[in-house]
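Per-entry structural report
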Amino acid sequence: MINFSILFQKEWRENVRNFKILWIPLVFILFGISEPLTYYYLPQILNAVGNMPSDMAFQLPEYTPEQIIMSTIGQYQLIGMLIVAFGFAGIIARERKNGTATMLYVRPISYNGYVFSKLAIMGILIVGSACVGLLANLYYTYVLYGAVDSIAFIGFLGTYSIWLLFAISVVICCSAAFSTGIASVVSIFFLVIVPVVDGLLGTYWTISPWKLPMYAGQILNSNLDKTPFIWSLIITLAVVLLLVVGAAYIAKRNVAKAKI
Amino acid sequence: MKTLLHVQELTKEYGKEKAVNEITFSLNKNTATALIGPNGAGKTTTLSILAGLLKQTSGSVVIDGDMKGDIRSEIGFLPQYPQFYSWLTALEFIEMAAQLSGIDGKMIRSQAVRTLDFVGLEDAKNKRTGTFSGGMKQRLGLAQAIVHKPGLLLLDEPVSALDPMGRREVLNLLKELQEHTTILYSTHILNDAEEMTDQLLFLKKGQLVEQGSLKEVRDKYANLQYKIIFVNTEEAAKFVEISPWPAKQENEVVFIHLEENKPMMNEVLQILANSNLQLSKVERASASLEEIFLQVVNKHD
């Protein structure tokens, strides 16, 4: 781990200078804000732009603040996961492919430190951006729809962050193992396809990392089933640990694939 | 002389292909060794194994006992096409390289600046490496390889990509480094090897086909022929007909191969004098490294 801070400084400089530090939070904030705004102003928007007969009446459902927040999570589960997968699938694979990593691998670096530097920068960018986005979302939801229980919101935010940590670990492990292209496909499979399958067939089981966003919603609605949630949390953290340690091991094994 | 590195029957296989095939050699401390061979001979593979980037299939690499701990901190490696993080400046990159190689915290800045001065990049040290030309990248690559003052410097084609002036400068830098560093470098530009080398290693198809000092190799291959230059091609052709020894003609030049110093020079001159052919020059050819290279390569076909 001795090289962690040096390697993290490199990652930080990269993401500041390629403006990821700017656009990733902006995307999350944009989707965070747009959700309550569009739901709230939908009738006015329809009136303003739609060529509707004036006597037509809309029966729009009444949303609770919790529903608005969960609908934002729905957006993050697609847009956010696409950003995580496509934006970071090359985080290790690309350096290996273009030969920049060779200059690191010939030095006495620790591969744990190397992978942790990647984990840390992605954690800051993704978890940080999602939290900022959800806080912006919470503000507009509060203004337009009313308050949610703050303790429940913190529990929700924490649980969703653990899910994001899982997503990040999947991408890092894929990037350590495969080329950028394959890594993004495999990541998309685990972060977009599997959640859909889990949602469709998931009534048969209750413990899985892919259920964490659902449990986060239950925390927000204060109707959480504690036992499967705790187990899912434990399993997820164990898998995260496994993926990160695995990524360091695989990255070391794949040194020979670096372009020389 | 002290041995720094000993390589014993090093082999690297890719499937059934042997990229490096049982090569054995030693590097003495503070000497320069040139790894010579045609493209695909296994030069880069050999250097990569020594740098720890590839793992050999079999064979051993033993590094002098003075080098303890992670030997990677004692090795500097310059790849053939060094690639840099385009968003880092030269100074930031060299500082990172120095830190990763375990340079003491207070020394990092001064060491990095001094190294960049040494390779002639002092004016570009605050520019991002993405804007660098090929020659500047090569210098920066050299800087990152030497910033931590390694005992062993592995350079893959260090000057091949440079223009004549850059090549001269980098060769001078390497000569300076050689006084306190062991250098192993690959090249296919033989004039460079001729200039800075204590030992030559000829690789071909993964095999070490010849090795020795420049003088040893010269002695073995150089005096193999007489070179007789006639005034024109016809004269040369006439000589080939009357020559008692096998002769090879290339336009107005005729070569006669020597086997164990036979024939003697005066025998050749006698035949020439009797023949009344018009000639302009006779010499016992001292082959350039390039000719030696071709001989070595062809001999082992």
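What chain A contains, in helices and strands, is 10 helices and zero strands. Along chain A, from the amino end to the carboxyl end, the secondary structure elements read α-α-α-α-α-α-α-α-α-α. Counting only residues that meet the buried cut, chain A has 39% of its 260 residues in that class. Intrachain contacts of chain A at a sequence separation of at least 6 include 87% that bridge at least 24 residues.

With that out of the way, let us pick up the pairing of strand β8 (residues 199–204) of chain B. Residues and elements named next belong to chain B. Of all six residues in β8, six are buried, a share of seventy percent or more. Neither face of β8 is left uncovered, since the one carrying Gln199, Leu201 and Leu203 and the one carrying Leu200, Phe202 and Lys204 both have all their residues buried. With five bridges connecting them, β8 and strand β9 (residues 207–212) associate as antiparallel partners. Considered in β9, the bridge of Lys204 is made with Gln207. Connecting β8 to the next strand, β9, in antiparallel fashion are two residues, including Lys205 with a positive phi near 45°.

Our focus in this paragraph is helix α3 (residues 65–88) of chain A. Here α3(A) contains 24 residues, and its C-alpha end-to-end distance of 32 Å stays within 8% of the 34 Å for a straight helix at 1.5 Å per residue. At A:Tyr76, α3(A) shows its strongest bend, of approximately 35°.

Before going further, it helps to spend a moment on the interface of chain A and chain B. Listed per partner, the contact involves 22 residues of chain A and 26 residues of chain B. Sorting the residues of the side of chain A that touches chain B by element identifies α1 (4–17) and α5 (102–105) of chain A as the ones contributing at least two each. Considering each element in turn, the side of chain A that touches chain B owes the most residues, five residues, to α1(A). Residues belonging to the side of chain A that touches chain B are distributed by class as follows: 11 nonpolar, six polar and five charged.

Phi is mostly negative for residues that are not glycine, and the peptide bonds are mostly trans. Backbone geometry places A:Ser222, a non-glycine residue, at a positive phi of 55°. Take A:Ser222: it is sitting in the loop between α9 (212–220) and α10 (226–253). Notably, B:Asn251 is not glycine yet its phi reads approximately 55°, a positive angle. Along the polypeptide, B:Asn251 turns up in the loop between β11 (247–250) and β12 (253–257).

Further remarks concern helix α8 (residues 180–201) of chain A. Residue and element names in this part refer to chain A. Look at α8: 30 Å from first C-alpha to last across 22 residues, which is about the 32 Å you get at 1.5 Å a residue. Where α8 bends most, the angle comes to about 35°, and this point is Val194, followed within four residues by the proline Pro195. Restricting attention to buried positions, one finds in α8 the residues Ala183, Ser184, Ser187, Leu191 and Pro195. Looking at the packing, one finds that the buried side of α8 touches α3, α4 (93–98) and α7 (150–177).

As a further point, take the sheet that holds strand β6 (residues 152–156) of chain B. Residues and elements named next belong to chain B. Judged by pairing direction, the sheet is mixed, and its six strands sit side by side in the order β5-β6-β7-β3-β8-β9 without closing on themselves. The sheet is open, and its two edges are formed by β5 (75–78) and β9, each paired on a single side. With strand direction ignored, the average angle separating the axes of adjacent strands in the sheet is 15°. Pairing of β5 with β6, which is carried by four bridges, proceeds in the parallel orientation. Within the sheet, the bridge partner assigned to Phe77 lies in β6 and is Leu154. Relative to β6, helix α1 (residues 43–50) is tilted by about 150°, and along the sheet it contacts β3 (32–36), β6, β7 (182–187) and β8. On top of the sheet, helix α4 (residues 134–146) reaches β5 and β6; it is set at about 165° to β5, its chief contact.

Cut-off values and rules
Residues numbered from 1 in each chain as written. Chains lettered and ligands numbered in written order. Predicted model: local features only at pLDDT ≥ 70, side-chain atom pairs only at ≥ 80, totals over all residues. Helix = DSSP H or I, 4+ residues; strand = E, 2+ residues; numbered from the N terminus. Buried ≥ 20, exposed ≤ 12 C-beta atoms within 10 Å, placed from the backbone. Contact = placed C-beta atoms within 7 Å. Pairing = 2+ DSSP bridges. Expected span 1.5 Å × (residues − 1). Bend = angle between axes of the 7 residues up to and from the residue. Nonpolar A, V, L, I, M, F, W, Y, C, P; charged D, E, K, R; others polar. Axes fitted to C-alpha atoms, helices over the stretch in contact; angles between N-to-C directions.

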